[in-house]
Amino acid sequence: MASLDLTASDLVETLRAEGSDVTDVEAKRARDGYPEDLPRTLSAFANLPGGGVIMLGLDERDGFSVTGVYDVADAQQRLAAQARNAVEPPLRVGFESQTVDEKHVVVARVSPLSAAQKPCIVKSSGRAYLRSYDGDYALSEQEFAAFVAERGAPRYDREPIPESSLSDLDPPLVASYLATARSHSTRLASMSDDEVLAHTRVIAPNGEVTLGGLYALGRYPQTFIPTLSMSARVAPRPGDPPGTRSADLAHFDGPLPEILDQALTWVRRNTSTRVRFGSDGHGRDEPTYPSEALRELIANALVHRDLGPHALGARPQLVLEVDQLVIANPGGLYGITVDQLGTETGGSARNQSLYDIAKDVRTADGRRVIEGVGTGIRAARQALHSAGMTPPSFFDAGIRFTAILPQHALLDPGDLAWLAELPHTAGLSDVQQHALVAMRHDQAWTNKSLRDQFPMDSTRARSLLVDLVDRGLARAHGDRGTRSYSLDPEAHLPRDQRTPSLFDHPGPAAGTTRPNRSDDRGLGSSQPRARTKNAGLIASVLSDGPATSTEISRRTGLSVRQVLYALGRMEAGGLIRINGGQGRHDTTYARAEHQRGS
């Protein structure tokens, strides 16, 4: 979920789990007055795809404790004035005042500017800013030019390369390209070679080769533009000698299809194969990263890189780290957002002419560089899913795009069989399956350790872990900030042997009446539904003994209102007992089995 959509409590939880400001959330202490330097953050969030959130009333140096705001109305007025007058163009900012830990905080949601309006500039300095992980940095001249270039549809791939000619194209590649292009167009099939190359924008009207044509079909494109290439390196690993910077540093050159082949070979050379057992019981050698996923993601980086003059000082990069492969290219997404990648609406080409040419260019194995039907990301995700691996993560910084492909061990047959025997696993994500298997082998997870192993934001990590608790598969331990999750000791037991839990009483589906079954443990079909999205987390806390609603709130990070709502549903379902009366601060809540045993 994007931070713009989170409540104040969830934002605080995110920051505390992360331990610092995050890319799209900036916290400021405002107890004693209005904070300084917010115009820089306004500029950075306006330039960031998706925008960002400024929270006033938190102290980062004290673990994001809530300090409150000196004057809510005045702080909102000052920030609104800066959004109108301190930056150019003026920004849209939505304001809320919410209560967290019984203190008021101001939540300012900064909407991103459209591509036609970026970059946002701080008037006092004339500088524009972009968000790094937990801070704002001034754009370089090249980065500023990249934003300006995004104001119109990119057409750099159509530009002619001075002093180039047909002799700079690779004859075998051109012959294959012409045959493929003619095979799916009756109009092109009737044209001469020169006419096909002209109409498909390989050759410019003046007879020179276009940038896209040179990149895809050139004998050696780097003669004209050295950065029409790709670099790769293996990051230092544990045990490497001190001062080691990288290993197997490589540069891939030639036309685009050869660069793609070289990159795929390099990754395979630097990663191992593993045995994976199929449904037929036979073991097969499989690469660390599925070839289909690898191919699609590297091809995307090559084809969709920024080809503007402001970006030709950089090249796409591969970095093979201990637990992941990082694929980065100059230029952010064009015409779509990260959330749209791989969806029905997730197709948009930064370099439309190059994209069209690449559809008809073949690599050495006879495959097209890209299929050209907007399904590459979906194919990559499916290949990873089929291999029992987690999906890639994507990060768009506006002028840079990064895909991260985690390297996780394929689940072995024993672990897969164990997962299949667990109850309530329908719909588990790949990350959750890997997390459960690690729990099976005595590993406990925190929000941070899950994010370190599987790149994602802290909100997503929290959601996945809490879902495992709600399913009765994991238990939470510790208070907010130190909470860990381990396998529920009863996760593997059949229903008739488990301590009563929320998933034993899911309630009837909409529009149906649940029969009064023996495994409902005495709850008839007229009983209110007991399960809520937070009930499993609360039940895990109560497994340690009775607690007040305030104690449950502190230990779970939920608001008291959320806790009381869930407790009411749980009590109605017979899952907990109440000691005391409604509205009394000393009222405690206990799991039903604890009450019976007291």
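Residues numbered from 1 in each chain as written. Predicted model: local features only at pLDDT ≥ 70, side-chain atom pairs only at ≥ 80, totals over all residues. Heavy atoms only, no water.

Draft legend 1. Quick peek at the sheet that holds strand 12 (residues 247-252). Judged by pairing direction, the sheet is mixed, and its six strands sit side by side in the order 12-11-15-16-18-17 without closing on themselves. The sheet is open, and its two edges are formed by strand 12 and strand 17 (393-396), each paired on a single side. Looking at each pair of strands side by side, their axes are set apart by 15° on average, direction ignored. Alignment of strand 17 against strand 18 (residues 400-406), held across four bridges, turns out to be antiparallel. In the sheet register, F394 faces strand 18, and the bridge partner there is A403. (Pairing = 2+ DSSP bridges. Helix = DSSP H or I, 4+ residues; strand = E, 2+ residues; numbered from the N terminus. Axes fitted to C-alpha atoms, helices over the stretch in contact; angles between N-to-C directions.)

Draft legend 2. Molecular detail of the environment of D253. Examined against the element boundaries, D253 turns out to sit in the loop between strand 12 and helix 9 (256-270). Here D253 falls in the partly exposed class, since its relative accessible area comes to 29%. Distance in space between the C-alpha atoms of D253 and S229 is 5.0 Å, their sequence separation being 24 residues. Sequence-distant contacts of D253, that is, excluding residues within four places in its chain, are made with Y220, Q222, S229, E258, I259 and Q262. In this structure the side chain of D253 is engaged in a polar contact, spanning 2.9 Å, whose partner is the side chain of Y220. (Buried < 20%, exposed > 50% of the residue type's maximum accessible area, 1.4 Å probe, protein only. Contact = heavy atoms within 4.5 Å. Polar contact = N/O pair within 3.5 Å; in protein donor to acceptor, adjacent residues only side chain to side chain.)

Draft legend 3. A look at the pattern of salt bridges. For the coordinates displayed, the defined rule picks out 24 salt bridges. The partner of D306 in a salt bridge is R350, and the shortest N-O contact between them spans 3.9 Å. Within this pair, whereas D306 is found in the loop between helix 10 (291-303) and strand 15 (317-320), its partner R350 is found in the loop between strand 16 (324-330) and helix 11 (352-358), the two being separated by 44 residues in sequence. A relative accessible area of 5% means that D306 is categorised as buried. Here R350 falls in the buried class, since its relative accessible area comes to 3%. (Salt bridge = Lys/Arg side-chain N within 4 Å of Asp/Glu carboxyl O.)

Draft legend 4. Here's a closer look at the nonpolar core. Ranked by size, the top nonpolar core spans 68 residues in total, and within it L217, F252, W266, I298 and L318 carry the most contacts. Counting residues per element, this core draws most heavily on helix 10, which supplies eight residues. Excluding anything up to four places from it in sequence, L318 contacts M230, S231, A232, R233, F252, A263, W266, V267, I298, V326 and I327. Residues L436, A474, A476 and L537 belong to the second largest nonpolar core, which totals 27 residues. (Core = buried A, V, L, I, M, F, W, Y, C linked by side-chain atoms within 4.5 Å.)

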